[in-house]
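Coordinate analysis (summary)
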Amino acid sequence: MRIAVIGLGDIATKAYLPLLTRMPALELVLCTRNPEKLAEVAREYRITETCRDYRALVNMNVDGVMIHTNSETHAPIATFFIEHGIPVFVDKPAALNFADYQTLHALSERQSVPLFVGFNRRYIPLWQSLVVRSDLRTISWHKHRLNLIGAAQDFVLDDMIHVIDSLNLNGKIDQQDVQISVQRKGDDIAMINLSWEENGTLFNGQMNRLFGKTCESVSLCFENEAYQFDGFLRGEKLENGKTERIEMADWTDTLETKGFKSMLENWVSVVKSGRMVAQMKQRNLSTHAFCERLVRDLLPT
């Protein structure tokens, strides 16, 4: 299978290429406008096929493309390849406004070409089996930053979208049902807290960009059973008055603990089959729609 990687910035070189190059069934093609960067990365990973114009990839027999360029270019590049019948993986957000995402989604459906959005936190191995349990009573997901306040669009679409999508387990989040608390510093956003109830489960998400350190934590509660995770490597199970330590095996690759490995395996299976499950497509739509409405409500009046 031939996969093209478009854009060779930090996310591509630090999160994706180290895993993609270890997948023996894949042949990679690199694409970026920067000739120096293209030569450097191709040499590092011993990749021989490259190009500087993504449009040239349609003549290079690629089976799928992965888009890791600036967010504002995601939608037009994805549109080009879907129109040519080539499955697309795109970093979040897939588009900077929901109208563009709807157009992309509709094109993908019309052409029967997969549009895969890269939400790695859907695949965290430490708790992946827990968040899908039907007896989940509460889930709390906090992702914080140190001294990084920002404008509403950057705050939500560049970062808090991870929290929102991670809590959007059923792809049904509705802003009318969500309680939203916001703290500002001048015109910038410092903290957002979200909470709502869905089918008897309580959801809470928070991002504080004036926290004491950059960190992420997840809490899951069932009946007389609870789990607390202070990151992707370890946590605790609390049951019957006892505490049991949970942790990934020694030497587990960091990119595996953060869900990238399982996500890429899922992406490859989507390219092979040419199909995505309906729930994943609905979740992508719902997350992008909610983020746009949240940004709109946060803008100064």
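Quantities reported herein were computed from a predicted structural model and do not represent experimental measurements.

Right, let's talk about the overall build of the chain for a bit. When helices and strands are counted, the chain shows 9 helices and 14 strands. A compact globule built from 301 residues should have a C-alpha radius of gyration of about 19 Å, and the chain, at 20 Å, falls within 12% of that. In terms of overall dimensions, the chain has a C-alpha envelope of 60 × 50 × 35 Å along the principal axes. Of all 301 residues assigned to the chain, the portion counted as buried reaches 52%.

What follows deals with helix H3 (residues 71-83). All of the buried residues along H3 are Ser71, His74, Ala75, Ile77, Ala78, Phe80, Phe81 and Ile82. Check the buried side of H3 and you find it contacts strand S1 (2-6), strand S4 (64-67), strand S5 (88-91), helix H4 (98-111), strand S6 (115-118) and helix H6 (152-167).

Moving on to the pattern of salt bridges. Counted by the stated rule, this structure contains 17 salt bridges. The partner of Arg122 in a salt bridge is Asp165, and the shortest N-O contact between them spans 2.8 Å. Of the two residues, Arg122 sits in the loop between S6 and helix H5 (128-131) while Asp165 sits in helix H6, which places them 43 residues apart along the sequence. Pair check on accessibility: Arg122 and Asp165 agree, each one buried. Within the structure, one salt-bridge network assembled from shared partners comprises Lys143, Arg145, Asp159 and Arg209.

Cut-offs applied
Throughout this document, residue positions are counted from 1 along each chain, in the order its sequence is written. Reporting in this predicted model follows two pLDDT cut-offs: at least 70 for local features of residues, and 80 or more for side-chain atom pairs to be given and counted; totals over whole chains, interfaces and linings ignore these cut-offs and use all residues. With hydrogens and water stripped out, all remaining heavy atoms of the structure feed into the side-chain values. In this description a helix means any DSSP run of H or I spanning at least four residues, a strand means any run of E spanning at least two, and both kinds are numbered starting from the N terminus. Values of the radius of gyration come from C-alpha atoms, whereas the globule rule sets the reference at 2.2 Å times the count of residues to the power 0.38. Each residue's exposure class comes from its accessible area (1.4 Å probe, protein chains only) as a fraction of the maximum for that residue type: buried when under 20%, exposed when over 50%, partly exposed otherwise. Contact criterion: two residues are considered in contact whenever any of their non-hydrogen atoms come within 4.5 Å of each other. Here, a salt bridge means any side-chain nitrogen of Lys or Arg that lies within 4 Å of a carboxyl oxygen of Asp or Glu.

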